[in-house]
Amino acid sequence: MLGTVLLLLALAKPVCLSPAGAASRRAEALKRLLEVFGMEDPPPAPAHFKQPPQYMVDLFNTVANADGVTKNPDILEGNTVRSFLDKTHSEKMQFLFILSSVAKNEKILTAELHLFRLWPRATDGPKRHHFCQVSVYQVLEKSKLDAPGGKKLLAARLISLQGSGWEVFAITQAVRDWTEDESSNQGLLVTVQGLGGSPLDPPPLQFASSTDYHESKKPMLVLFTDDGRRGASLPVAHFPALQLQAPILPAKMSLPKVSGLRSARSLDRLLPCQRHPLSVDFEEIGWSGWIISPRGYNAYHCKGSCPFPLGENMRPTNHATVQSIINALKLSEGVSSPCCVPDKLYSINLLYFDDDENVVLKQYDDMVAGSCGCH
């Protein structure tokens, strides 16, 4: 995948093409880059300024550094996190989330209903309740909510009537049902009852609705999914603070003087294999309208020679060492010297708005060259 990105970046800025040819080459390059990110077309930027849910922003900052590079590949369950806001716009504790953007090949690992618990209402007289029971139901038939087959219990627990904050309920099975049969999605119902299941009127506990409260407190469905996409089999380790590999020269190797007529590319071939910066700027590509974070990242690329003898600093494989010896001794025709390529790759994370303006966090394998070696 990294090689594809590097190729596209090279294609995006052609050198000797007519304006029409350059535009065509750029369009083709961006199309292929979208394929790397698992998309056919770039999502449109939101029509109006939209604040992403703070939960998704915090999750991105936990998973990735400022450049989007994964800090620890084991933090996320799966490679995709999707957030959906309630579409009922109702004061009642019924919620509906449209899941049409979930791809058919995505495996639903975990689904969570996030509700913001408001401060309890002030009540007259002594407080009789310190806890209440909150239940979450999958709606089976909207017109028969009180009938035995009208709803199915998904989660229930006791919640304190002190303070405010987010409450999270697991509703994985219901979401799996909805993604298999979209027509079965009749929404969710949340009830608040006393400890013995008795009704409380008015209920002492309320959750923020999607109409009268700030964007940061609106009801939200969060899905942790996996689309099955995986990168190459190169090592993927925990992400350290990236430092450029020092250009350590092999023993007894000195650089010849290069005249002004020699190209920089010729000089590059004389330098030992090492990692070089390669900036990917989403604003320059034209994607800053729908990508929330990062604004860009350093993909790095590998460049340089793999001369005989290969030192340990060249990080050679055994195969590369044998190939280098055969090439140096001319033991076989047509055997070139080993190539300078990435030998460790890191994933990056994108936080972005999808086609329906839902916020998605997605992890992509093999997007940053962590180190280079002679292979």
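The chain carries the name BMP2B protein in an unreviewed UniProt entry, which gives Bucco capensis as its organism. Taken directly from UniProt, the Sequence similarities (unreviewed entry) text for the chain runs: "Belongs to the TGF-beta family." Under the UniProt heading Subcellular location (unreviewed entry), the note attached to the chain is "Secreted".

Q: I would appreciate a short explanation of the overall build of the chain in the present structure.
A: For the chain, the count of helices and strands is seven helices and 15 strands. Taking all 375 residues of the chain together, the buried fraction comes to 42%. Taking as baseline every contact in the chain between residues at least 6 positions apart, the subset at least 24 positions apart corresponds to 75%. For the chain, the exposed surface amounts to about 20000 Å²; the carbon and sulfur share of it is 54%.

Q: It is not clear to me how the sheet that holds strand β4 (residues 131-139) should be interpreted in this structure. Could you clarify?
A: Picture the strands of a sheet paired through backbone hydrogen bonds; they go either parallel or antiparallel. Strand order across the open sheet formed by four strands is β2-β7-β4-β5, with antiparallel pairing between neighbours. Looking at strand neighbours, the two that pair on one side only are β2 (94-95) and β5 (151-160), the edges of this open sheet. Relative to β5, β4 is paired through nine bridges, and the arrangement is antiparallel. Paired with Tyr137 across the two strands is Leu153, which belongs to β5. Strand contacts of helix α4 (residues 172-180): β4, β5 and β7 (188-193), with the helix running at about 20° to β4, the strand carrying the most contacts.

Q: I would appreciate a short explanation of the state of the cysteines in the present structure.
A: By definition, a disulfide is the covalent link that joins the sulfur atoms of two cysteine residues. Applying the stated criterion to the full structure yields three disulfides. Two residues, Cys273 and Cys340, share a disulfide whose sulfurs are 2.1 Å apart. Disulfide Cys273 to Cys340: torsion about the S-S bond roughly 75°, handedness right-handed. In this pair, Cys273 sits in the loop between α5 (264-270) and β9 (274-276) while Cys340 sits in strand β14 (residues 340-353), placing the two residues 67 residues apart along the sequence.

Q: Would you mind going over helix α7 (residues 318-329) with me for this structure?
A: Note: α-helices contain 3.6 residues per turn, so residues at a spacing of three or four share the same orientation. The terminal C-alpha atoms of α7 lie 17 Å apart, and with twelve residues this matches the ideal 16 Å at 1.5 Å per residue to within 8%. Taken together, the buried positions of α7 are Ala320, Gln323 and Ser324. An end-on view of α7 places all buried positions within 105° of arc, on one side of the element. In α7, the exposed positions angled more than 90 degrees off the buried face are occupied by Asn318 and Leu329. The secondary structure elements touched by the buried residues of α7 are β15 (359-374).

Q: Which parts of the structure should I look at to understand the environment of Ile348?
A: Note that Ile348 resides in strand β14. Judged by relative accessible area, which is 0%, Ile348 ranks as buried. Measuring from C-alpha to C-alpha, the distance between Ile348 and Ala64 comes to 7.4 Å, with 284 residues separating the pair along the chain.

Q: Where do I start with the pattern of salt bridges in this structure?
A: A side chain of one charge can pair with a side chain of the opposite charge if their charged atoms are brought near each other. Considering all chains together, one arrives at eight salt bridges under this definition. Of the charged contacts in the structure, one is a salt bridge between Glu106 and Arg82, with a shortest N-O distance of 2.6 Å. With Glu106 in the loop between β2 and β3 (107-117) and Arg82 in strand β1 (residues 80-85), this residue pair connects regions lying 24 residues apart in the sequence. Each member of the pair Glu106 and Arg82 is classed as buried. Measuring nitrogen to oxygen at the nearest pair gives 3.9 Å for the salt bridge that ties Arg82 to Asp354. Separated by 272 residues along the polypeptide, Arg82 in strand β1 and Asp354 in the loop between β14 and β15 bring together distant segments of the chain. Relative accessible area serves as the criterion here: at 8%, Arg82 is assigned to the buried category. Salt bridges here are not isolated pairs; linked through shared partners, they connect Arg82, Glu106 and Asp354.

Q: Just to check I follow, could you spell out the pairing of β4 for this structure?
A: Each regular strand displays side chains that alternate between the two surfaces of the sheet. Summarising burial for β4: seven of the nine residues are buried, a large majority. In the sheet, β4 pairs with β7 via six bridges, with the strands oriented antiparallel. Note on β7: the bridge partner recorded for Gln138 is Leu188.

Q: Just checking my understanding: could you explain the sheet that holds β14 for this structure?
A: The seven strands are arranged β6-β3-β8-β1-β15-β14-β11 in an open sheet whose pairing can be described as antiparallel. Across the chains shown, the open sheet's two edge strands, defined by having one partner strand only, are β6 (165-170) and β11 (291-293). Mean inter-strand twist for the sheet, computed between neighbouring axes without regard to direction, equals 30°. Sheet topology places β3 next to strand β8 (residues 220-226); seven bridges connect them, and they run antiparallel. From the neighbouring strand, Ala111 faces β8, where its bridge partner is Leu223. Where helix α3 (residues 54-63) meets the sheet, it contacts β1, β3, β8, β11, β14 and β15, and its direction lies at approximately 15° from that of β15.

Rules used in this analysis
Residues numbered from 1 in each chain as written. Predicted model: local features only at pLDDT ≥ 70, side-chain atom pairs only at ≥ 80, totals over all residues. Heavy atoms only, no water. UniProt positions renumbered as here; feature names shortened; annotations may be inferred. Helix = DSSP H or I, 4+ residues; strand = E, 2+ residues; numbered from the N terminus. Buried < 20%, exposed > 50% of the residue type's maximum accessible area, 1.4 Å probe, protein only. Contact = heavy atoms within 4.5 Å. Areas by Shrake-Rupley, 256 points an atom, 1.4 Å probe, with all protein chains shown as cover. Pairing = 2+ DSSP bridges. Axes fitted to C-alpha atoms, helices over the stretch in contact; angles between N-to-C directions. Disulfide = S-S within 2.5 Å. Expected span 1.5 Å × (residues − 1). Arc of directions from axis to C-beta. Salt bridge = Lys/Arg side-chain N within 4 Å of Asp/Glu carboxyl O.

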